[in-house]
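# Secondary and tertiary structure notes
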Amino acid sequence: MVLNRQGYDDLIMYLTQNLALFEKPGEIKPGAPTVIELIEDVIAENVIRICQQHPDLSTEQRSQIVREVDGIVYDLQEVLSSVTSHTVTVEQHAFIDEFAGLVKNLFDNAIN
């Protein structure tokens, strides 16, 4: 659906161009989650939004979305493996939110 498209390759390139955000210290808000916890939560929220906004999706299509999202989270874990257990900074949080929104856009475009 999206993993084999140019848009996903562009998204991974965008991630690699912004790796410096994950290599430097930054402001951490009290109670902030770890990088991986935030990634999983924000991506999951976006999957739910996709399914709510596209109620006509078949069970097979929903399953495909979940499988591909699992692959995306795996890719993120691989790229960010050295920092996934670190508490997320404010800047990283903003980037992860934006990245998850871009992932959602890829799926929305593929569905439409």
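Residues numbered from 1 in each chain as written. Predicted model: local features only at pLDDT ≥ 70, side-chain atom pairs only at ≥ 80, totals over all residues. Heavy atoms only, no water.

For Gln92, the location among the structural elements is in helix α4 (residues 90-111). Since its relative accessible area comes to 4%, Gln92 is described here as buried. Residues within four places of Gln92 in sequence aside, it is in contact with Leu21, Phe22, Lys24, Val35 and Thr87. (Helix = DSSP H or I, 4+ residues; strand = E, 2+ residues; numbered from the N terminus. Buried < 20%, exposed > 50% of the residue type's maximum accessible area, 1.4 Å probe, protein only. Contact = heavy atoms within 4.5 Å.)

Now for the nonpolar core. In globular proteins that are soluble, nonpolar side chains generally tend to be buried together. In this structure, Ile39, Ile43, Ile65, Ile72, Phe99 and Phe107 are the most contacted members of the largest nonpolar core, which totals 30 residues. Every element with two or more residues in this core is listed here: α1 (6-17), α2 (35-53), α3 (59-79) and α4. Broken down by element, this core gets its largest block of residues, eight residues, from α2. Non-local contacts of Ile65, meaning those with residues more than four positions away in its chain, are made with Met1, Val47, Ile50, Leu57, Phe107 and Ile111. (Core = buried A, V, L, I, M, F, W, Y, C linked by side-chain atoms within 4.5 Å.)

Attention now moves to the environment of Leu38. Relative to the elements of secondary structure, Leu38 occurs in helix α2. Residues Leu38 and Thr87 lie 49 residues apart in sequence; the distance between their C-alpha atoms is 9.4 Å. In contact with Leu38, not counting residues within four places along its chain, are Pro33, Val88, His93 and Ile96.

As a further point, take α4. The end-to-end C-alpha distance of α4, which contains 22 residues, comes to 32 Å, matching closely the 32 Å that a straight helix rising 1.5 Å per residue would cover. When α4 is considered as a whole, its buried residues turn out to be Gln92, Phe95, Ile96, Phe99, Ala100, Val103, Lys104, Leu106, Phe107 and Asp108. (Expected span 1.5 Å × (residues − 1).)

A few words now on α3. It helps to recall that an α-helix has 3.6 residues per turn; residues three or four apart then point in one direction. With 21 residues, α3 should reach 30 Å at 1.5 Å per residue; the first-to-last C-alpha distance of 30 Å fits that figure. The complete set of buried residues in α3 reads Ile65, Glu68, Val69, Ile72, Val73 and Leu76. The buried residues of α3 occupy an angular sector of 150° when projected down its axis, which confines them to one face. Turned more than 90 degrees from where α3 packs its buried face, Thr59, Glu60 and Arg67 sit exposed. At its buried positions, α3 is contacted by α1, α2 and α4. (Arc of directions from axis to C-beta.)

Our next topic: the packing of α2 against α3. The N-to-C vectors of α2 and α3 enclose an angle of 160°; their axes lie 11 Å apart at closest approach. By the angle class used here, α2 and α3 are roughly antiparallel. Pair α2 / α3 crosses with right-handed handedness. Along its contact with α2, which presents Ile36, Ile39, Glu40, Ile43, Val47, Ile50 and Cys51, the element α3 presents Arg62, Ile65, Val69, Val73, Leu76 and Gln77. Of the residues contributing to the contact of α2 with α3, the split by class is ten nonpolar, one polar and two charged. (Axes fitted to C-alpha atoms, helices over the stretch in contact; angles between N-to-C directions. Parallel < 35°, antiparallel > 145°, perpendicular 65-115°, else oblique. Left-handed = near helix turned anticlockwise from the far one by under 90°. Nonpolar A, V, L, I, M, F, W, Y, C, P; charged D, E, K, R; others polar.)

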